[in-house]
Amino acid sequence: MINFRVAAKSFIVNDKNELLLLKRRSNDVMKPGMWEIPGGRLEPGEDPHIGVIRETKEEAGIDIDVKQIMDVRHFVRSDDQTITMLVFLCKALSNEVVLSEEHTKFKWVSMLEAREQITDFFHRTIDTYENLDMKKLL
């Protein structure tokens, strides 16, 4: 039997064209201390739009307006779980972030700084945002 889950991430951009990044806690089982965008695995059968809103609210305490899907990625985690990840372009409805215990820090950064902070895995998503001029959708 394949251990499979769907995940949803929110590529949240504010009015200054800055991306929200969260830092995972240092004792996290998966990728401790890594900077990432909010989101996570969905509940079985959960609607991805509802799930990305829920995950974002749980992790960052922020409300978002989900605009459109930006990317779909398939990979196998280090624990052999197969993931299909949906990345959604989202507009921040406020800049007041309240972190859950899963993360220790947050920051709003330019797309250039985001490339320096997050893993190469998400560089393709930043490229999509910039190359397709997705800022106009916000």
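See the structure shown above.
Residues numbered from 1 in each chain as written. Predicted model: local features only at pLDDT ≥ 70, side-chain atom pairs only at ≥ 80, totals over all residues. Heavy atoms only, no water.

Undergrad: Quick one: what's the story with helix α3 (residues 123-131), residue by residue and with numbers?
TA: Looking at α3, one finds that the buried residues are His 123, Thr 125, Ile 126, Thr 128 and Tyr 129. At its buried positions, α3 is contacted by β1 (4-13), β5 (64-76), β6 (82-92) and α2 (111-117). Backbone geometry just after α3 places Asp 133 at a positive phi near 50 degrees. (Buried < 20%, exposed > 50% of the residue type's maximum accessible area, 1.4 Å probe, protein only. Helix = DSSP H or I, 4+ residues; strand = E, 2+ residues; numbered from the N terminus. Contact = heavy atoms within 4.5 Å.)

Undergrad: Account for helix α1 (residues 48-60), with residues named and values stated.
TA: Across its 13 residues, α1 extends 18 Å between first and last C-alpha, which sits within 8% of the 18 Å expected from 1.5 Å per residue. Among all positions in α1, only Gly 51, Val 52, Glu 55, Thr 56, Glu 59 and Ala 60 are buried. End-on view of α1: buried residues confined to an arc of 130 degrees, all on one side of the axis. Residues of α1 that are buried in the fold lie against β1, β2 (19-24), β4 (39-41), β5, β6 and β7 (103-109). Looking at the residues trailing α1, positive phi occurs at Gly 61, about 65 degrees. (Expected span 1.5 Å × (residues − 1). Arc of directions from axis to C-beta.)

Undergrad: Outline unusual backbone geometry, supporting the account with residue identities and numerical values.
TA: For Asn 17, which is not glycine, the phi dihedral falls at a positive 60 degrees. Inspection of the secondary structure assignment puts Asn 17 in the loop between β1 and β2. The exposure class of Asn 17 is partly exposed, given its relative accessible area of 22%.

Undergrad: Could you give an account of the packing of aromatic side chains, naming the residues involved and the relevant values?
TA: Here a ring pair, both rings aromatic, is described through the centre-centre distance and the interplanar angle of the planes. All chains considered together, the criterion is met by three aromatic pairs. Here the aromatic rings of Phe 11 and Tyr 129 are separated by 5.4 Å at their centres, their planes lie at 45 degrees, and the arrangement is tilted. Taken together, the positions of Phe 11 in strand β1 and Tyr 129 in helix α3 put the pair 118 residues apart, joining distant regions of the chain. With a relative accessible area of 3%, Tyr 129 lands in the buried category. Ring plane angle 85 degrees and centroid distance 5.0 Å describe the contact between Phe 121 and Phe 122, whose orientation is recorded as edge-to-face. (Phe/Tyr/Trp six-rings, centres within 6.5 Å; stacked < 30°, edge-to-face > 60°.)

Undergrad: Account for the nonpolar core, with residues named and values stated.
TA: Membership of the largest hydrophobic core comes to 20 residues, with the highest contact counts inside it found for Phe 11, Val 13, Leu 19, Leu 21, Leu 89, Met 111 and Tyr 129. Counting only elements with at least two residues in this core, the list comes to β1, β2, β6, α2 and α3. Looking at this core, the element that brings in the most residues is β6, giving four residues. Ignoring sequence-local partners within four residues, the contact set of Tyr 129 consists of Phe 11, Val 13, Asn 17, Met 70, Leu 89, Met 111, Met 134, Lys 135 and Leu 138. Counting 16 residues, the second-largest nonpolar core is a separate cluster that includes Val 52, Val 66, Val 97 and Trp 108. (Core = buried A, V, L, I, M, F, W, Y, C linked by side-chain atoms within 4.5 Å.)

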